[in-house]
Amino acid sequence: MLHTVNHPFNRIRRLPPVIPDEILASRLMRCGGYEVFDEVLNARWLKALRHEAVGQLPKAILSDVERSDGEEVRGGNPARRFFSAPGAAVQDAYYRSAWMLDFVRAVVGVPLTPTGMMGTYTYYRRHGDFLAVHRDIEACDVAVITCLFDNARDADVGGLMSFYPKRLTEPLSAIRRDAEHRRVSLRLHPRQTIVMYGGIVPHAILPTGAQQVRIVSVLCYRALTSNIA
Ligand SMILES: [Fe+2]
């Protein structure tokens, strides 16, 4: 997930990331860098977010990048194909709410702040939509992703989220070259929310299956710690 509609092109860095001690010692990192929750949002919030996500679809922009650039740490321009649209009033109310910030801070275990940017909706709606292995942009240390819709069956592999919690300091190109090594995959089911160190833990979305549609809400938070370099 890139978490921006107009993805910024960052300078290319080839060194492995340096992760601050506060983050390495944090609650979420001790859980592997990500955690899935079943009931962060009640039915009313979920219905409103789904409605808003569908309503924003006409504003969605296609990201279609055939090959990843040479960025090795975070951000950059990873290969991908999906549509994304900016969030609107419902998502923003959820993003800015004190209860949500309290929840995310408690899960992560370090001080956090919203990035100042709007959240986004991402739509994987065509066969083979995907996102190659990456770490999120510098403004997005922690991502909070809620699945609003996914019609895949449990046995399908399309649209799975993949993580590399045991390959934190490897350059992105090394992980992409051997993408199945120490890969952990999971399906984020509708209603579930994942809180993840997206700027630290390399991750990807596997290509969606035929007739699969997957829609997620994406929020970003910045860690108020030493910078991840
Ligand atoms: Fe991401």
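Residues numbered from 1 in each chain as written. Predicted model: local features only at pLDDT ≥ 70, side-chain atom pairs only at ≥ 80, totals over all residues. Heavy atoms only, no water.

**A short note on the overall build of the protein**
From N to C terminus, the protein includes six helices and twelve strands. Projecting the C-alpha coordinates of the protein onto the three principal axes gives extents of approximately 40 × 40 × 30 Å. Sorting the 229 residues of the protein into buried and exposed places 54% on the buried side. When contacts within the protein are restricted to residue pairs at least 6 apart in sequence, long-range pairs at least 24 apart make up 86% of them. (Helix = DSSP H or I, 4+ residues; strand = E, 2+ residues; numbered from the N terminus. Buried < 20%, exposed > 50% of the residue type's maximum accessible area, 1.4 Å probe, protein only. Contact = heavy atoms within 4.5 Å.)

**Points about helix 5 (residues 98-108)**
Along helix 5, the residues that are buried comprise Met-100, Leu-101, Val-104, Val-107 and Val-108. Viewed end-on, helix 5 has its buried residues packed into an arc of 130°, placing them on one side of the element. Opposite the buried face of helix 5, by more than 90 degrees, sit the exposed residues Ala-98 and Ala-106. Gly-109, located one to two residues past helix 5, shows a positive phi value of around 90°. (Arc of directions from axis to C-beta.)

**Looking at the state of the cysteines**
Within this structure, the stated rule accounts for one disulfide. Here Cys-31 stays free of any disulfide, with the sulfur of Cys-140 as its closest cysteine sulfur at 19 Å. No disulfide involves Cys-147; its sulfur sits 17 Å from that of Cys-220, the nearest cysteine. (Disulfide = S-S within 2.5 Å.)

**Describing unusual backbone geometry**
Backbone geometry at Arg-182 places phi at a positive 55°, although glycine is not the residue there. Among the structural elements, Arg-182 can be located in the loop between helix 6 (172-177) and strand 9 (184-186). At Arg-191, a residue that is not glycine, the phi angle is positive and equals roughly 85°. As for its placement among the helices and strands, Arg-191 is situated in the loop between strand 9 and strand 10 (193-196).

**Description of the nonpolar core**
Counting residues in hydrophobic clusters, the biggest one holds 55 residues, and the most contacted among them are Tyr-197 and Tyr-221. Take this core: its biggest share by element is seven residues, from strand 12 (residues 214-223). Counting residues in hydrophobic clusters, the runner-up holds five residues, among them Val-133, Tyr-164, Ile-175 and Ala-204. (Core = buried A, V, L, I, M, F, W, Y, C linked by side-chain atoms within 4.5 Å.)

**Focus on the pattern of salt bridges**
Applying the stated criterion to the full structure yields nine salt bridges. In this structure, the salt-bridge partner of Asp-129 is Arg-126, at a minimum N-O distance of 3.8 Å. Here Asp-129 falls in the buried class, since its relative accessible area comes to 0%. With a shortest N-O distance of 3.1 Å, Arg-187 and Asp-150 are connected by a salt bridge. In this pair, Arg-187 is assigned in the loop between strand 9 and strand 10 and Asp-150 in strand 7 (residues 142-150), connecting sequence segments 37 residues apart. In this structure, a network of salt bridges that share partners links the residues Arg-81, Arg-126 and Asp-129. (Salt bridge = Lys/Arg side-chain N within 4 Å of Asp/Glu carboxyl O.)

**Looking at the packing of aromatic side chains**
Summed over all chains, the structure comprises seven aromatic pairs. Ring geometry for Phe-37 against Phe-103: centres 5.1 Å apart, planes inclined by 80°, an arrangement best described as edge-to-face. Within this pair, whereas Phe-37 is found in strand 1 (residues 34-37), its partner Phe-103 is found in helix 5, the two being separated by 66 residues in sequence. Relative accessible area serves as the criterion here: at 17%, Phe-37 is assigned to the buried category. Members of the aromatic cluster, each reached through a chain of ring pairs, are Trp-45, Tyr-94 and Trp-99. We note Arg-125 situated over the ring of Phe-83; from NZ or CZ to the ring centre the distance is 5.1 Å. (Phe/Tyr/Trp six-rings, centres within 6.5 Å; stacked < 30°, edge-to-face > 60°. Lys NZ or Arg CZ within 6 Å of the ring centre and 35° of its normal.)

Don't take any of this as a statement about function, it's just geometry.
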